[in-house]
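# Close look at the chain arrangement
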Amino acid sequence: SSSSGDEALRDKRARILSRGLPKQKPIEGVKQVVVVASGKGGVGKSTTAVNIALALAANDSTKEVGLLDADIYGPSIPKMMNLKGNPELTPKNLMRPLKNYGIACMSMGFLIEETAPVVWRGLMVMSAVEKLLRQVDWGQLDYLVIDMPPGTGDVQLSVSQNIPIAGAVIVSTPQDVALLDARKGAEMFRKVHVPVLGLVQNMSVFQCPKCKHETHIFGADGVRDLARALGLDILGDIPLHVNIRETCDSGQPVVISQPQSDA
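Cut-off values and rules
Residues numbered from 1 in each chain as written. Predicted model: local features only at pLDDT ≥ 70, side-chain atom pairs only at ≥ 80, totals over all residues. Heavy atoms only, no water. Helix = DSSP H or I, 4+ residues; strand = E, 2+ residues; numbered from the N terminus. Buried < 20%, exposed > 50% of the residue type's maximum accessible area, 1.4 Å probe, protein only. Core = buried A, V, L, I, M, F, W, Y, C linked by side-chain atoms within 4.5 Å. Contact = heavy atoms within 4.5 Å. Pairing = 2+ DSSP bridges. Axes fitted to C-alpha atoms, helices over the stretch in contact; angles between N-to-C directions. Parallel < 35°, antiparallel > 145°, perpendicular 65-115°, else oblique. Left-handed = near helix turned anticlockwise from the far one by under 90°. Nonpolar A, V, L, I, M, F, W, Y, C, P; charged D, E, K, R; others polar. 1 Å grid on protein atoms, 1.4 Å probe; cavity = no way out; pocket = protein on both sides within 12 Å on 5 of 7 lines; lining within 4 Å. Points joined across faces, edges and corners; volume = space filled by probe spheres on them. Arc of directions from axis to C-beta. Salt bridge = Lys/Arg side-chain N within 4 Å of Asp/Glu carboxyl O. Disulfide = S-S within 2.5 Å.

### Some words on the side chain of serine 172
The topology assignment puts serine 172 in strand β6 (residues 167-172). Take serine 172: its relative accessible area is 2%, and that puts it in the buried class.

### A word on the nonpolar core
Considering soluble globular proteins, one finds that nonpolar side chains tend to be buried as a cluster. Ranked by size, the top nonpolar core spans 69 residues in total, and within it Trp138, Ile146, Val159 and Phe189 carry the most contacts. With sequence-adjacent residues up to four places away left out, valine 159 is seen in contact with Val35, Val129, Leu133, Ile146, Met148 and Ile165.

### Remarks on the pairing of strand β7 (residues 196-207)
Counting buried positions over the twelve residues of β7 gives nine, a clear majority of the element. By the bridge criterion, five bridges tie β6 to β7 in an arrangement that is parallel. In the strand pairing of β7, valine 171 is matched with valine 200. Pairing analysis gives two bridges linking β7 to strand β8 (residues 214-215), with the strands arranged antiparallel.

### Digging into the packing of helix α6 (residues 176-191) against helix α7 (residues 222-230)
Remark: α6 packs on α7, axes separated minimally by 11 Å, with the N-to-C direction vectors making an angle of 30°. With respect to α7, the axis of α6 lies roughly parallel. Where α6 crosses over α7, the two elements pack in a sense that is right-handed. Note on element contacts: α7 touches α6 through Gly222, Val223, Leu226, Ala229 and Leu230, opposite Leu179, Ala182, Arg183, Ala186, Glu187 and Arg190. Residues belonging to the contact of α6 with α7 are distributed by class as follows: seven nonpolar, one polar and three charged.

### Observations concerning the environment of alanine 128
Considering the arrangement of structural elements, one finds alanine 128 in helix α4 (residues 122-134). By relative accessible area, alanine 128 is classed as buried at 9%. C-alpha separation for the pair alanine 128 and isoleucine 112, spaced 16 residues apart in sequence, amounts to 12 Å.

### A word on the layout of surface pockets
Estimated volume of the largest pocket: approximately 620 Å³. In terms of lining, the largest pocket is formed by 34 residues, of which the most central are Gly44, Thr47, Thr48, Asn202 and Ile244. Those elements that place two or more of their residues in the lining of the largest pocket are α2 (45-59), β7, β9 (234-240), α8 (242-249) and α9 (254-257). Examining the composition of the lining of the largest pocket, we find that five residues originate from one element, α2, more than from any other. Space inside the second largest pocket adds up to approximately 400 Å³. In terms of residue class, the lining of the second largest pocket is made up of seven nonpolar, seven polar and five charged.

### Quick word on unusual backbone geometry
Backbone geometry at histidine 193 places phi at a positive 60°, although glycine is not the residue there. By secondary structure assignment, the location of histidine 193 is in the loop between α6 and β7. On the accessibility criterion, histidine 193 (70% relative accessible area) is exposed.

### Describing α7
What α7 keeps buried is the set Gly222, Val223, Leu226, Ala227 and Leu230. Mapping the buried residues of α7 onto a view down its axis gives an arc of 135°, with all of them on the same face. Across α7 from its buried face, at more than 90 degrees, point the exposed residues Arg228 and Ala229. Residue glycine 231 follows α7 closely and has a positive phi angle near 70°.

### Digging into the pattern of salt bridges
Under the counting rule described, the total for this entry stands at ten salt bridges. With a closest N to O distance of 3.9 Å, lysine 99 and glutamate 64 form a salt bridge. Pair noted here: lysine 99 is in strand β3 (residues 98-100) and glutamate 64 is in the loop between α2 and β2 (65-69), with a separation of 35 residues, a long-range link. Arginine 96 is the partner of glutamate 88 in a salt bridge, and the nearest nitrogen-oxygen pair spans 3.7 Å. With a relative accessible area of 36%, arginine 96 lands in the partly exposed category. Three or more residues are tied together by salt bridges with common partners; here these are Lys40, Asp181 and Lys184.

### A word on the state of the cysteines
Applying the stated criterion to the full structure yields zero disulfides. Left without a disulfide partner, cysteine 208 is nearest to the cysteine sulfur of cysteine 211, which lies 3.7 Å away. Exposure remark for cysteine 208: the relative accessible area of 21% places this residue in the partly exposed category. In this structure cysteine 248 is a free cysteine whose sulfur lies 12 Å from that of cysteine 105, the closest cysteine sulfur available. Exposure remark for cysteine 248: the relative accessible area of 2% places this residue in the buried category.

Have a look at this one:
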């Protein structure tokens, strides 16, 4: 019958397509991988990733947490985590992560000069991502937080298809142009079957330090509206606060340096 013929054709097509996809292989020693992503750059994704990693460790001192900076062109984790230097190599030729605040960190920023631009084509970037994923001795980690580059390109696809991911957190400001890209990010993860844990609304409100008046500089509740439209959770609102920016710039993220603060 024609329906069984159609089914056989669909099965054959699915088999051919699946051949081209990489087999997902866990990172040795890592139990759960959480990726922090954004559609647009400059929405505070790295700041959020750093503080999520530190918060996971602070919430349960028995958990081992790692942080991988997958932003090859603009690595910011070394500065935010106050780390410098080159990773040592193990006898098996694996890189040892650098550690601060109890978090094991790996970044392209440890492998190049601080001011050197990465002027690479796609294949070189993919090779670097593969090395950061597979040639690092993480030891035993309960959580590995991956700070993804902005967008929905090669790196995001490669990471999503090569390793099993427990979930993705998407960071956006309430601004319309950021929301357009955040939606694309959420849809990309759905396409590659990565669960989206929820959205973080960053820079949600600015409070004047003198008069305490609150201003929604980037608009109000845009991320909440997007979450409702996509059927996703809002994981939290982060205010636009000078302390959050200053602490990360100085390599002492707010979760470590001001754990009791409102921010």
